[in-house]
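Next come the chains, spelled out residue by residue.
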Amino acid sequence: MSTNDNIIIISSEQGQGKTLYGLALESGTTLVPPLYEDVKIPIKDVFMFEQDDKWGLMSLDGDVLLSPQYDNIFAWNEDFVVVGKGAHSHFMCGVVDWNGREVIPTEYGAIALTGYPAFRCYDNAEYDWGRNHNMDHLNFDGNPYIWKNSKNETLSTPIQIWRRDQQIDTFDNWLILDNLILLNPNLELQRWVAEKELKFIQITPNGTLISKDKRGKYGLRDLTGKSIVLQIYDDMKLMSSGIIVLYNGKIGIIGTNGNNILPSEYLEIRGNIIDESNKDEIGSHWVWNWNKKNGVAFRYSKNHPLDTTNLEQIIVRDDFFVSEGTIACCKKGESNLNTFVTRNNNGENIFSIENGFVLEENVDKVIPITSEEYLIQRADKFRLISTGSDSNSLSMEFDEAKYYGEGLLYYKVDGVWGVKLFSPKLYCKSFFRVEKNIDILPSYHSVRPIYGMMGMFIYFEVQNSYKSYFGEEGICAQLLNTRGECILGGQHQYNGHFSIHDSIILCQIGDKFGFADFNDDVIIPFKFDEIQFRGKGKHGGFNVRIGDYWGILKHNGRESRIKYSEQVPFKDKYEIVSDALSELKGVLDTETCEEVVPCLYSHIILEEDRVIVARGGCPRENCIVDYLYAKWGCYDTSGKLIVPVKYDYIKIDGEYVLAGYEGGFMTYGQNHYYKKFGGKYALYNSVGELLIEGFSQYSLGDNIWAFYFGGKWKTWTEEYGFDEYSFEYGVGRWLLVTPELKTLLPQTNGESLQIKHGTKIYWTKEVNDKDKKVINRINFPLNLLVEHEYHIENGWVIDKGGGEAINIATGERITSYLKIDVISNNLLFVMDNKYNVGIIDKNNQIVVSPKFHALTYPVGNFFIGVLANDHGEFVISLFDLTSKDIVNEGIQLRIEESRSAMEHSFRNHFLLMYHINENDNTLHGYAFENSVNWIKTEVAREFNPMRVSRIGKFNHRRYWFSINDMEPEKSYSCDDSDYNDYLRDSWDAMTDGMYGDMPDGFDGDYDFLGR
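What counts, and at which threshold
Residues numbered from 1 in each chain as written. Predicted model: local features only at pLDDT ≥ 70, side-chain atom pairs only at ≥ 80, totals over all residues. Heavy atoms only, no water. Pairing = 2+ DSSP bridges. Helix = DSSP H or I, 4+ residues; strand = E, 2+ residues; numbered from the N terminus. Axes fitted to C-alpha atoms, helices over the stretch in contact; angles between N-to-C directions. pLDDT = per-residue confidence, 0-100. Contact = heavy atoms within 4.5 Å. Phe/Tyr/Trp six-rings, centres within 6.5 Å; stacked < 30°, edge-to-face > 60°. Core = buried A, V, L, I, M, F, W, Y, C linked by side-chain atoms within 4.5 Å. Buried < 20%, exposed > 50% of the residue type's maximum accessible area, 1.4 Å probe, protein only.

Some words on the sheet that holds strand β17 (residues 145-149)
Move 1: The sheet built from 3 strands is open, its strands ordered β13-β14-β17 with antiparallel pairing. The open sheet terminates on both sides in strands that have one partner only, identified here as β13 (110-112) and β17. Each strand axis lies, on average, 30° off the axis of its neighbour in the sheet, ignoring direction.
Move 2: Here strand β14 (residues 118-122) runs beside β17; their pairing, made up of 5 bridges, is antiparallel. Bridging across to β17, Phe-119 finds its partner in Lys-148.

In structure tokens form, the structure reads like this:
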């Protein structure tokens, strides 16, 4: 089904394989009756239609805008349609508008639409057929073309540009086509471009044109061709604030109106690409980061700081760099930057298009650190320079600097460090940052930022000298606030680094770690040899180590037992831990720090709210439980043992636990994967109650549970050396119950049996003393059990072979037929011992005598059946289940001469019937999968002619064969044309041309080839 908004294509079968198409709303309202050979989804209120193998245009109101005269349609947009005349692969294309007016005559191999009233017209193209109402396609990329406008005027000589390099630019309704052709707002070709032999033109934001002549020299012109800048430059690259120009190996900047901004005497011009409004930090490989404001932006951060001792790691992008006489420009050849770093033989400087040069003389190096601030270097000294108006100055020179972002510069003078806030607007992004002037004078051996409260607060970790009461000297760590006041380190001599975690601070004294608060009071003792932050949240906190043993520590000081061999993972609330001494495993609740499963087990599997545990055993990589020869049990995450640790296998199924016993694991495949448990099961619920046990197969459905008692597993090695296994049902029965353990089949009193929790069902064997025969007995009523594999449908239990049907409501069993299948809760298909099919009701009373060769599943009151007549023909008729004489009152639809032809009718969806109008119970309310052209003419007109497979929203109906004891067929997904294509391809491959084309009606039987 093709859709556009709520419009769909509809069809109507006309007989003899002819189909007509129209348009309708999905709600069922017909917009255009199915009268045309093809239609395409409309644009606005106009659609394309095919009539007598010609295409035209029509409004949805029925007005013909363009009479059918074209052989094909290839492309369209909101304004124009590409049409074609000719035969397949030899079309000549033209253009019409949606009013049907010819814009370009059909003279070209292909025409490409552009979204403007200008067209690329190609001489040659390759044809590709469009399927399922999609437009046919012409492949022309890479072929030569000419430009034409909507006045059918030729605008160019042949051009050959691949589609990826084609370009159209606009300025104030002017068009620049492929950087070669200039059109004014009236679509008139500006011939001066060709007359001046220009090979390239590019529009600037100011409406001037960068032009390149046949010598390869660049200049600047206005739209009339008047020269603004002579064609003297070796290259030009456009940016929003001007044009970078190259002249004799040096670069400069001119304005888009031709004014001189920077003379062409520089070796390099770099754009300042720092932008701290960009939230994305620069990556470790200094890759591009894009933001909406400036196109390309980087920023320094706490993870990627600027360090003047390693200037190779500064953010560098050479936007405009001269190398062998070319300009390497930024991405797409555009830049939105107005401030640049220039370099010539005398050094570097900062240049602003608005204000000119910032520095009075050149320096050795200029390093942008924000969009307005720069570090400049002379010899081995640095200074901070700002081009902004609201920056705090730092007049002194310094030896080293670090910048972590946020407007704070860390600088070193004479071996000691200080901090200066130079950009309050960058610093005061947080509501809690109110300081306008942070100025910590150089006096510390080192300084670095420490962030608290998710980065809202900034502190400074410094290394300072101290002298103890006993005269001992050394270096200690202190934590300062932004006023330079010591908040940590006044009462204790810390070493190492600080780390703030909410209201506590991770510190180190000597070789031990602990926590202090912001008053410098110890709140968690310094007793740990290592502390690692695990993460935030309820199951976060810290991994702590004392000696060789690990545990977890919460922010409030709560600890787990410090006894584990490794750090506790930070993934989930419950984590598997291993005792360092016993090497046995348990489960730790990382929120409460309590073990919910003690460390007593060799192996543990966590599955949602269950913990599967194993005692003993040995690892096995290819086993579904990772361990063999272990005893298994199960806990819940509250720590309750819900399945005793005594079973061979544990499996979780929803809220239930299956515990396997009296069996082992069967191998599979060449590498002997232990893939299947072959034994019996016990079923436990989530609170540890044993519900039922003794079964070997099971299915826990939403409403019905099934347990199989008996049978056995069989293993063997097939001829290629691979292990295989299968289950043999043998002596056994299925028990069908509700989740409340009430039997699905009733007792003789009509009521279900309530099975007690903990019931074990099992088979016993007895030997008859007289004839020594083995008698198998089960400790459960046989009338409540099902013998064979089964399926449940419409209140019936049908065994796999179809030989028995059990009515779930009454327990009555129907077994007097060769096969039985369900139609509804009241009707059954049956097959007698002559392989004929009929219909009975739930009381085993015949509704349709079993004399049919095939039947369809009823749709409404109707079904289709096949009877053989006296001439050996197969009569396909429609029958009404409500008729008094169903068989004799059937309506004959078709007669097939052979059984294979009759099968063909079924398998090609001819007989798949749909009730398309539930309010219409006449034959006209019914339609067929492949329409009605297969039905006798005098009867076909009674049905709806719709071909239902084109809508596809109805479910396929099945049909039932009596032939060769076949199983009920499922619906196919292919339609008739797909099937016939498959038959024809198979015929060509099998016969290799010896028998010509496949004859009509061929049923796929190739036995004649061996005769």
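Here's the deal with the confidence of the model for the protein chain
Move 1: Residues at a pLDDT of 70 or more form 84% of the protein chain, whose mean pLDDT is 84.
Move 2: This model gives residues 317-325 a pLDDT under 50, and the stretch forms 37 contacts once residues within four places in sequence are excluded.
Move 3: Confidence over residues 328-336 falls short of pLDDT 50; this stretch has 23 contacts with residues more than four positions distant or in other chains.

Regarding the packing of aromatic side chains
Move 1: Counted under the stated rule, the structure contains 43 aromatic pairs.
Move 2: Arranged with centres 5.9 Å apart and planes meeting at 20°, the rings of Tyr-681 and Phe-695 form a pair that is stacked. With Tyr-681 in strand β63 (residues 673-684) and Phe-695 in strand β64 (residues 690-695), this pair connects stretches of sequence that are 14 residues apart.

Things to note about the sheet that holds strand β9 (residues 72-76)
Move 1: Strand order in the open sheet made by the 4 strands is β9-β10-β11-β12, with antiparallel pairing throughout. Each having just a single partner strand, β9 and β12 (102-108) make up the two edges of the open sheet. Ignoring strand direction, the axes of neighbouring strands in this sheet form an average angle of 20°.
Move 2: Note that β9 and strand β10 (residues 80-85) share 4 bridges and pair antiparallel. Note that in β10 the partner of Ala-75 across the bridge is Val-82.

Comments concerning the nonpolar core
Move 1: Grouped together as the largest cluster of nonpolar side chains are 42 residues, with contacts concentrated most on Val-643, Ile-650, Leu-683, Phe-695, Trp-705, Phe-707 and Leu-735.
Move 2: In terms of residue count, the dominant contributor to this core is strand β62 (residues 656-668) (6 residues).
Move 3: Residue contacts for Phe-707: discarding those within four places in its chain leaves Leu-683, Ile-692, Phe-695, Gln-697, Tyr-698, Leu-700, Arg-733, Trp-734, Leu-735 and Val-737.
Move 4: Listed in part, the 30 residues of the second largest apolar core include Val-95, Tyr-108, Leu-183 and Leu-187.

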